[in-house]
Amino acid sequence: MTNAATPARVRIFDTSLRDGEQSPGFTMSGAQKVLFAHALADLGVDVIEAGFPNSSPADFNAVQTIAREVRTTTIATLARCHPADIEACARSLQNAAAPRIHTFISTSPLHREHKLGMSKAQVIEHTIMGVELARRHVDDVEFSAEDALRTEREFLVEVFNAAVEAGARTLNVPDTVGYTTPAEIRALFEYLRANVRGGNDVVFSAHCHNDLGLAVANSLAAIEGGARQVECTINGIGERAGNAALEELVMAMKVRGAYYNVDTGIDTPKLLATSRLLSRITGIQVQRNKAIVGANAFAHESGIHQHGMLKNRDTYEIMHPQDVGWSDSQLVLGRHSGRAAVADRLRQLGYVLEDAQLDQVIAEAKALTQTQHVVSDRDLQRLVEGESFGPGWRIAALSLTDYGHRTRAHVDLSDPDGRHVIQSAEGDGPVAALFAALAQATGVDFELESYEVHSMGVGRDARGEANLSARIDDEVLAGQGTSRDVLEASAIAWLDIANRLLRDRKVLPRLAAVNG
Ligand code: KIV
Ligand code: ZN
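Remember, predicted model here, so these are calculated numbers, not experimental data.

### Some details on the site of ligand 1
Around ligand 1, the neighbouring residues are Arg18, Asp19, His102, Phe104, Ser144, Glu146, Asn172, Pro174, Thr176, His207 and His209. Measuring from an oxygen atom of ligand 1, one finds a side-chain N or O atom of Arg18 at 3.0 Å. Within the contact set of ligand 1, an oxygen atom lies 3.0 Å away from a side-chain nitrogen or oxygen of Asp19. Among the elements of the structure, α1 (16–20), β5 (99–106), β6 (140–146) and β7 (170–175) are those that each provide at least two residues to the shell around ligand 1. Counted by class, the shell around ligand 1 contains 2 nonpolar, 6 polar and 3 charged residues.

Right, dumping it as structure tokens:
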């Protein structure tokens, strides 16, 4: 596909807030969805799929707020080919600047027989009804043939013909179960483009799941076959093994631009901050070796690699870390570091602070440099959140006594008024004992949904980072802690959640508006 023609634009359709958000562990509150929608718009995605409004009143309200506030991006919502779903989409999008209704029905023989109990003719009837009804509300209608990759090709063409005739502008071809291969999906897109009536006037779209680890490769192959929209998510979140990762797809198109001859509107230096914002919201970190946004993505450890890098970075780097937002990710704050640099880094991380808050964060960050050389993004986030929320419960000291099969944890905390509270509790391991002691001391208790510990950095500056998440009344709260000691990091993360709960449910710090 190498040619010198003007690059074709591939639209980036982000479904983190719909396909991603509906998967276990990634549920977000309405406020979190709105916050993340602003970040996606700032990143430059073309379409944000904001939710499935008929699935719950909470999702409806979140979509409605996103539609009202996010004005620079098309806002899409999902509906089955059911009148109630489509009407809910229309209502939720009433105030959107650029609304899109995305309606879908299953087309594969397996789904027709076992899920829908419908004949081919009935599937076509529902397609026409769904698309026509959606078109009565908005001009921009997308139609998806769920499980398209396991659908008979000829029938897929018939369904798409009906959708185009009914008024669909985008035809989405989902690999719902992550079953296809690059050669197969490329051939399917070529076939559909050649055979769907009016195919030149619509945008073909790929939506690939990652069950075989092929979602990004398959999406790129679909682009080679003529797809001009790809549906993807930040950090690759989504049903089961996830969707194609936006950051990987976009950087493949950018780094291999000469090969694919396509481009996107993504402001790639914002990729890392967007990925981290999602991790912060959900409490789920990406793996260290994750492409583009993992901690090791630009780390060179082996002597041979380091030697090559010192002579010429291109020996082992196919893109510059700055291209995806890594350049200042390790902010070295020394005694002479400037206020502007800290303010700028915080803005990139999604925080806009009042002057007094900024002064406080800078003072605390400088205090940190007494005990560590580098103040990381995580440290800054923790300082900002601590600062914005006030003191809350803090850890003064902790210790553990091991009795073989039981452990006793002793904690010395300072409460929000600065008074010391000392407590101890037993558990069948250090973490269980520690969390039990914290619960008894603070009077707050919750069930953890996830608990991860990572090590950050190497040598003298190595620190442990703990990430916890808890579900409380259908809302996920994420807590984070860093310390040289992983148990202390875990205690800080636990208190992070407890403090949010005590502050009458979280009010996130003031957030960066679109475009800063
Ligand atoms: O994977 C899928 O088929 C979907 C559709 C609803 C687009 O998410
Ligand atoms: Zn999907």
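### Describing the coordination of the zinc ion (ligand 2)
Taken together, Asp19 (OD), His207 (NE2) and His209 (NE2) make up the protein donors of the zinc ion (ligand 2), found 2.0 to 2.1 Å from the metal. All donor residues of the zinc ion (ligand 2) come from one chain, and their arrangement in sequence is D-x187-H-x1-H. For His209, a relative accessible area of 4% gives the class buried.

### Focus: the confidence of the model for the chain
Caution applies to low-pLDDT regions: their predicted coordinates should not be interpreted in detail. Overall, the predicted model of the chain reaches an average pLDDT of 87, with 86% of residues at or above 70. The low-confidence segment residues 505–516 (pLDDT under 50) makes 34 contacts with residues lying over four places distant or belonging to another chain.

### Let's talk about the nonpolar core
In this structure, Ile48 and Phe143 are the most contacted members of the largest nonpolar core, which totals 95 residues. It is helix α7 (residues 153–166) that contributes the most residues to this core, 9 residues altogether. Split by domain, this core shows at least three residues from each of two domains, domain 1 (8–282) and domain 2 (299–384). If we skip the residues at most four places from it in the chain, Ile48 touches Asp14, Leu17, Ala37, Leu40, Ala41, Val70, Thr73, Thr74, Ile75 and Ala76. Of all hydrophobic cores here, the second largest spans 29 residues; its members include Ala441, Leu477, Ala491 and Trp494.

The rules behind each value
- Sequence order sets the numbering: in each chain, residues are counted from 1 along the sequence as written.
- The order in which chains are written sets their letters, starting at A; the order in which ligands are written sets their numbers, starting at 1.
- Two thresholds apply to this predicted model, a pLDDT of at least 70 for residue-level local features and 80 or more for giving and counting side-chain atom pairs, whereas whole-chain, interface and lining totals are computed over all residues.
- In computing side-chain properties, one takes all heavy atoms of the structure into account and sets aside hydrogens as well as water.
- The cutoff for a nearby residue is simple: one of its non-hydrogen atoms must lie within 4 Å of the molecule or strand.
- Polar contact is the term for a pair of N or O atoms within 3.5 Å; when the atoms are in protein, one must be able to donate a hydrogen and the other to accept it, and sequence-neighboring residues count only if both atoms are side-chain atoms.
- Note on conventions: DSSP H or I runs of at least 4 residues are helices, E runs of at least 2 residues are strands, and numbering of each starts at the N terminus.
- Three classes are used, and their members are as follows: Ala, Val, Leu, Ile, Met, Phe, Trp, Tyr, Cys and Pro are nonpolar, Asp, Glu, Lys and Arg are charged, and the others, Gly among them, are polar.
- Each metal's donors comprise the N, O and S atoms found within 2.8 Å of it (within 3.2 Å for Na, K or Ca). Water is not part of the atom list, so some coordination spheres may appear incomplete.
- Working definition: with a 1.4 Å probe on protein chains only, accessible area under 20% of the residue-type maximum means buried, over 50% means exposed, and in between means partly exposed.
- Residue-level confidence of the predictor, termed pLDDT, takes values from 0 up to 100.
- Residues count as neighbours in contact if any of their non-hydrogen atoms are within 4.5 Å of one another.
- In this description, a nonpolar core means a group of buried Ala, Val, Leu, Ile, Met, Phe, Trp, Tyr and Cys residues linked to one another through side-chain atoms lying within 4.5 Å.
- Each domain's extent was defined by an automatic or database domain assignment.

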